[in-house]
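Examination of the molecular architecture
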Amino acid sequence: MSLAGLFLTSFLVVHLGINLLILFDKSLELFNQAAHFMATNPLIQLFQYVLFFGFILHIILGVVLQIQNWTARPVRYQKKGSSEQSYFSKFMIHTGAIVFIFLIIHFANFFVKAKFGHIDPITYDSGTYENLGQLVVELFRDGAYVIFYVIAILLLGFHLDHGFQSAFQSLGLTHSRYTPIIKGFGTVFSILITLGFIAIPLVIYFSF
Amino acid sequence: MVKLDAKIPQGPLAEKWTNYKAHQNLVNPSNKRRLDIIVVGTGLAGASAAASFGEMGFNVKVFGIHDSPRRAHSIAAQGGINAAKNYPNDGDSVYRLFYDTIKGGDYRAREANVYRLAEVSNNIIDQCVAQGVPFAREYGGLLDNRSFGGAQVSRTFYARGQTGQQLLLGAYSALSKEIKKGSVKMFTRREMLELVVIEGRARGIIVRDLISGKIERHSAHAVVLATGGYGNVFFLSTNAMASNGSAVWKVFKKGAFFGNPSFTQIHPTCIPVHGDYQSKLTLMSESLRNDGRIWVPKHKEDAEKIRKGELKPTQIPEDRRDYYLERRYPAFGNLVPRDVASRAAKERCDAGFGVGSTGLAVYLDFEDAIKRLGKHVIEARYGNLFQMYEKIVDENPYETPMMIYPAVHYTMGGIWVDYELQTTIPGLFAAGEANFSDHGANRLGASALMQGLSDGYFVLPYTIQNYLADQIRVPRFETNLPEFEQAEKEARERIDKLLAVNGAETVDTFHRKLGLIMWDLVGMGRKKEELEKAITMIQELRKEFWSNVKVPGKNEMVNPELEKAIRVADYLELGELMARDALEREESCGGHFREEYQTEEGEALRDDKNFTFVSAWEYTGEDKEPKLNKEPLVFEFIEVKQRNYK
Amino acid sequence: MDLTLKIWRQASAGEKGKFVDYQVQNISTDASFLEMLDVLNERLVREGEDPVAFDHDCREGICGACSLYINGRPHGPDKGITTCQMHMRRFKDGETIVIEPWRAKPFPVIKDLMVDRTAFDEIIQAGGYVSINTGGVPDANAIPIPKRDADTAMDAAACIGCGACVAACKNASAMLFVSAKVSQFAVLPQGKIEARERVQNMVAKMDELGFGNCTNTYACEAECPKEISVSHIARMNREYLSAKLVSQKE
């Protein structure tokens, strides 16, 4: 669970890095170039399956654990407690589920289209690529979609905030000196990832 | 009078136990498998004995009243456990621990037993460390010691303020290991109702399952009673709510003699009583007396103002304070034994110098210690105790002195046992606080844990073999024998009788009344007329109980009121025996203080000529006066002196 | 002070339970929570009703018997104490207090507020000990132990086995309890010898008994009356992973 989670986190960093290229180059050349590289490099292609497996593992484990956890308390309390010290820990299955739904829509919108559908090519000095960037820009012109996207990313951020330090705890990687640093880093990291992902649709919506 | 044989081995004091072990009978491994032992109680003595028997290969059945063996009241012991390791190099030795214990007990314990206790004390520490008990350590990695009342050396090992807990968890872990192995079978939430005696030997017990109310029969070749003390006869005590005297009382009525029933320890440092709804008293570890100074105002007018709330203790200047222990006992100061400290507090309060709203409290002050060592040192040493005090009293002991007052804590009396810890019923053994053996008329601090574990780990595993060695041809007992039928019938009848009274008053009402009689008339200071009065009052209260108690519900259910009623019915008989014993003993010794017998300075005045014996009471029948048998105490190796802590 | 109590009543394990309201009057603010319940029970007995059953014994916060879930929190609103150490001055006059038993599948209700916690004993029996017999052990000072390690072991060993961690955890996980024992032995040389088998056996037993999983909510630490740290859970995780990785095939 924790290993899969940390692995997926590393994927987020790469994903965000490529996405941000849209903002730095309105011609979308950089982004399309990077997307092309990701779609054609054999190593990345192979890695895609590892990533897919990571997702599935993380989700299945999460669901199984949650079912076990629910059955561990067949009679609930009348007066619900709230003693949790890591606030978002309470909602991991909820944030996770919504992020999962988002993921399916996200897949349908981008991955499936890019992989199996047809995307108009665009030619730059450096060569001709599928204009995936245009697809992104068009989607984010839809206000409703932007709102959905922002909410999903916020939830992902909450998921990350608990998940990051939690993974270290589950792996037993704690230390009186370093654990506070890990916790602080996790929170800052989650905020940065969230802001980064949210910035893209907002910037596109308002200025493209 | 029955001639009581304590079966003390021959030879010089230091060689008695070695001699005993060298010549005792043993049971070979294949025979151990065929022998059953019942242990009642899972405290330090019970758990350690049961685990050891299991390790040796006996079939063991253990019974406890709690949901888990770990909840036994040994868990609440705070301060520490004594041993003659002499790690601090301050002059300790087995002999000195023995001597301090005998002297602390005011020369009313057996030399041979106490010497053995001191002798095995070191093994206990080794054993517990090997079990992973996290005793306090110094920076060099070696074990730390602190000092306790009644000793001039530091010989007390401790685990913060939770030594009893850690030692019990050690014994509990050993027990768990044996339960897992299958050599020990644990029966939780069972209360012993009767002892089964077949042809003069203890062969089984009748218990009540506290969940279903089912009455069960269990047989064995030997029965060990490790059921703790009976301090709850006073209603308010530091004992846990379920601690009770019923098991010892039942075996007394089956023929086991009761040793020194009146010897009760009143612990000097408890949180004072503060309301009539109160259910129990809380002990503040004796270790606090290492750094705390005990005082009351020197002038009555100050004390009166404090009681009215017009003056705070911190406003009383040094020269208007009376550090009465330091004044009266300069050599031991605040570390005098418990009985001495308790009586001194009572004396000051009776004389009108008491503090608190009731006037029944004295101060235990840490101001000097905090100045000398710093708050952090005091916090490290007693943090949890201070926190506990603040939770209960709502005052911060770092800023204002604690208020303390004596409270019933431990019963030195108990089932009479010989050197082998065997009672007058063959095959019935008693260990820990349940027996009377090692503390005489007063127990020193940190010695209860030592005795419980000594009995369980290092004494009973030897002596019980000596008994069982000639039982190897005795087959397992069926529980349909007439003796079992009869014992179960008696137990059932008593329960039915209690349920049938259907009067108007709750069990606790009677218990509270009994407690007041005991505290006022059979407490810290005892007088002939008062003890006689107590006997009559208890008899009357007993009659009233059996005609007016209300026990709701039925037997076949979880019924805590019925559990209490069974116990209180026994207390109402046991209390009378305690008063009788106190009346009979016309001297003051240790925790037993007869106002008529004191020195001019108000110290306990023993009468060695007439009372150097153990009172071993014998049951003679319902509503008949019990019979007093005497086991003379012979001091061959030490000189009996007036205790002096000045 | 006067209070309204909403108490879970259940005649026995097999029967259905429900909340029943009780009014109590003139409770002293100096009384403990359990003494307040004593007052109620004494009245119920006088009125011929069945008193409320609850576990309790030492009433000084060390035996671990008391186990009430008070207003949504195990052992009530104060930190670092058990129910028996909770005093009524902590509540307001006229307040309604909801009192429930510990809720977890491995802790079935016996009656009213009493639950069966023998699952904890079973976990200890799975390995919460050092497998030595009485006698024949080395001198207590033969193995020096760094003070820091002894203190850490003591921090963990302070567990009273009350089950508040399970009660507080949204997953009814027993990780804090199990890790306290595993951790105590993991830092002491005496316990190291069997450390690998111990952690695997105890965790397996815990899972078998139906406790939930740890999702690091840290509610256990917040509600533990002995304030045992979740760093012990991390230590157990570490011990467990390394034991799984390196232990030899049976």
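Cut-offs applied
- Residues numbered from 1 in each chain as written.
- Chains lettered and ligands numbered in written order.
- Predicted model: local features only at pLDDT ≥ 70, side-chain atom pairs only at ≥ 80, totals over all residues.
- Heavy atoms only, no water.
- pLDDT = per-residue confidence, 0-100.
- Patch = residues over 30% accessible without salt bridge, like charges linked within 9 Å, V, L, I, M, F, W, Y side chains within 5 Å.
- Areas by Shrake-Rupley, 256 points an atom, 1.4 Å probe, with all protein chains shown as cover.
- Salt bridge = Lys/Arg side-chain N within 4 Å of Asp/Glu carboxyl O.
- Helix = DSSP H or I, 4+ residues; strand = E, 2+ residues; numbered from the N terminus.
- Pairing = 2+ DSSP bridges.
- Axes fitted to C-alpha atoms, helices over the stretch in contact; angles between N-to-C directions.
- Contact = heavy atoms within 4.5 Å.
- Buried area = accessible area lost by both parts, 1.4 Å probe.
- Polar contact = N/O pair within 3.5 Å; in protein donor to acceptor, adjacent residues only side chain to side chain.
- Nonpolar A, V, L, I, M, F, W, Y, C, P; charged D, E, K, R; others polar.
- Phe/Tyr/Trp six-rings, centres within 6.5 Å; stacked < 30°, edge-to-face > 60°.
- Buried < 20%, exposed > 50% of the residue type's maximum accessible area, 1.4 Å probe, protein only.
- Lys NZ or Arg CZ within 6 Å of the ring centre and 35° of its normal.
- Core = buried A, V, L, I, M, F, W, Y, C linked by side-chain atoms within 4.5 Å.
- Domains from an automatic or database assignment.
- 1 Å grid on protein atoms, 1.4 Å probe; cavity = no way out; pocket = protein on both sides within 12 Å on 5 of 7 lines; lining within 4 Å.
- Points joined across faces, edges and corners; volume = space filled by probe spheres on them.

1. Points about the confidence of the model for chain B
- Averaged over every residue, the pLDDT of chain B is 95; residues scoring 70 or more account for 100%.
- Scored as a complex, the prediction yields pTM 0.96 and ipTM 0.98.

2. Some details on a nonpolar patch on the surface
Residues and elements named next belong to chain A.
- Together, F52, I56, I60, V64, F107, F111, V112 and F116 make up a nonpolar patch on the protein surface, roughly 710 Å² of accessible area in all.
- Elements with a contribution of two residues or more to the nonpolar patch: α3 (42-71) and α4 (92-116).
- Within the fold, I56 resides in helix α3.

3. Re the sheet that holds strand β5 (residues 184-187) of chain B
Residue and element names in this part refer to chain B.
- Here we have five strands laid out as an open sheet, ordered β5-β2-β1-β9-β17, and parallel in their pairing. Looking at the sheet topology across the chains shown, the edges are occupied by β5 and β17 (428-430). With strand direction ignored, the average angle separating the axes of adjacent strands in the sheet is 20°.
- In this sheet, strand β9 (residues 222-225) lies alongside strand β1 (residues 36-40) in parallel orientation, the contact comprising four bridges. Residue pairing in the sheet places V39 in a bridge with V224 of β9.

4. Some words on the interface of chain C and chain A
- With 37 residues of chain C at the contact, the number on the chain A side is 31 residues.
- Among the residues chain C hides against chain A, the three largest losses belong to C:R103, C:K170 and C:Y218. Together they make up 23% of the total.
- Linking chain C to chain A there are zero salt bridges.
- The interface formed by chain C and chain A holds 26 residue pairs in polar contact (both at pLDDT 80 or more) in total.
- For the side of chain C that touches chain A, the secondary-structure elements that each account for two or more residues are β5 (96-100), α4 (164-168), α8 (219-223) and α9 (231-246) of chain C.
- When residues in the side of chain C that touches chain A are grouped by element, the largest group, five residues, is from α9(C).
- Per-class residue counts for the side of chain C that touches chain A are 19 nonpolar, 10 polar and eight charged.

5. Observations regarding the packing of aromatic side chains
- One pass over the full model with this rule turns up 55 aromatic pairs over all chains.
- Ring geometry for B:W295 versus B:Y323: centroids 6.4 Å apart, planes at 50°, classification tilted. Of this pair, B:W295 sits in strand β12 (residues 293-297) while B:Y323 sits in the loop between β13 (321-322) and α9 (324-328), and the two are 28 residues apart along the sequence. Residues B:W295 and B:Y323 agree in their burial class; the two are buried.
- Three or more aromatic residues joined by ring pairs form one cluster here, namely A:F102, A:F140, A:Y145, A:F148 and A:Y149.
- Of note, B:R146 hangs over the ring of B:Y158, and the distance from its end group to the ring centre comes to 3.8 Å.
- In this structure, B:K185 packs its charged tip against the face of B:F187, placed 4.9 Å from the ring centre.

6. Topic: the pairing of β5(C)
Residues and elements named next belong to chain C.
- Counting buried positions over the five residues of β5 gives four, a clear majority of the element.
- Sheet analysis places strand β1 (residues 3-9) next to β5, joined by four bridges and oriented parallel. From the neighbouring strand, K6 faces β5, where its bridge partner is V98.
- Of the pairings in the sheet, the one linking strand β3 (residues 69-70) to β5 comprises two bridges and is antiparallel in character. Within the sheet, the bridge partner assigned to I70 lies in β5 and is I99.

7. Side note on the nonpolar core
- Counting residues in hydrophobic clusters, the biggest one holds 242 residues, and the most contacted among them are B:F53, B:I81, B:F135, B:F258 and C:F211.
- When residues of this core are assigned to their parent elements, the largest contribution, 13 residues, is made by helix α17 (residues 560-584) of chain B.
- Apart from residues no more than four positions distant in its own chain, B:F53 is found in contact with B:I37, B:V39, B:F58, B:V60, B:V224, B:L460, B:P461 and B:I464.
- Among the nonpolar cores identified, the runner-up in size contains 38 residues, and A:F102, A:V136, A:V137 and A:L160 belong to it.

8. Some points on the domain arrangement of chain B
Residue and element names in this part refer to chain B.
- As far as domains go, chain B holds domain 1 (267-408) and domain 2 (482-609).
- Using C-alpha coordinates to define each centre, domain 1 is positioned 30 Å away from domain 2.
- Across the contact, 11 residues belong to domain 1 and 11 residues belong to domain 2.
- Across the domain 1/domain 2 interface, buried area totals approximately 800 Å², and carbon plus sulfur atoms make up 57% of it.
- Taken together, domain 1 and domain 2 are joined by one salt bridge.
- The salt bridge involving E603 is made with R328; its shortest N-O contact spans 3.2 Å.
- Seen at the junction of domain 1 and domain 2, the total is three residue pairs in polar contact (both at pLDDT 80 or more).
- Among the elements of the structure, α10 (338-350) and β15 (402-411) are those that each provide at least two residues to the side of domain 1 that touches domain 2.

9. Observations concerning the arrangement of the chains
- Ranking by contact count across two pairs of chains in contact places chains B and C at the top.
- There is a clear gap between chain A and chain B: no contact, and 20 Å between their nearest C-alpha atoms.

10. Re empty space enclosed by the protein
- Counted under the stated rule, the structure contains 13 cavities of 30 Å³ or more.
- There is about 170 Å³ of room inside the second largest cavity.
- Considering the residues around the second largest cavity, the lining is formed by 16 residues, among which B:T282, B:I392, C:E35, C:R59 and C:H87 are closest to the centre.
- The class makeup of the residues in the lining of the second largest cavity is four nonpolar, seven polar and five charged.

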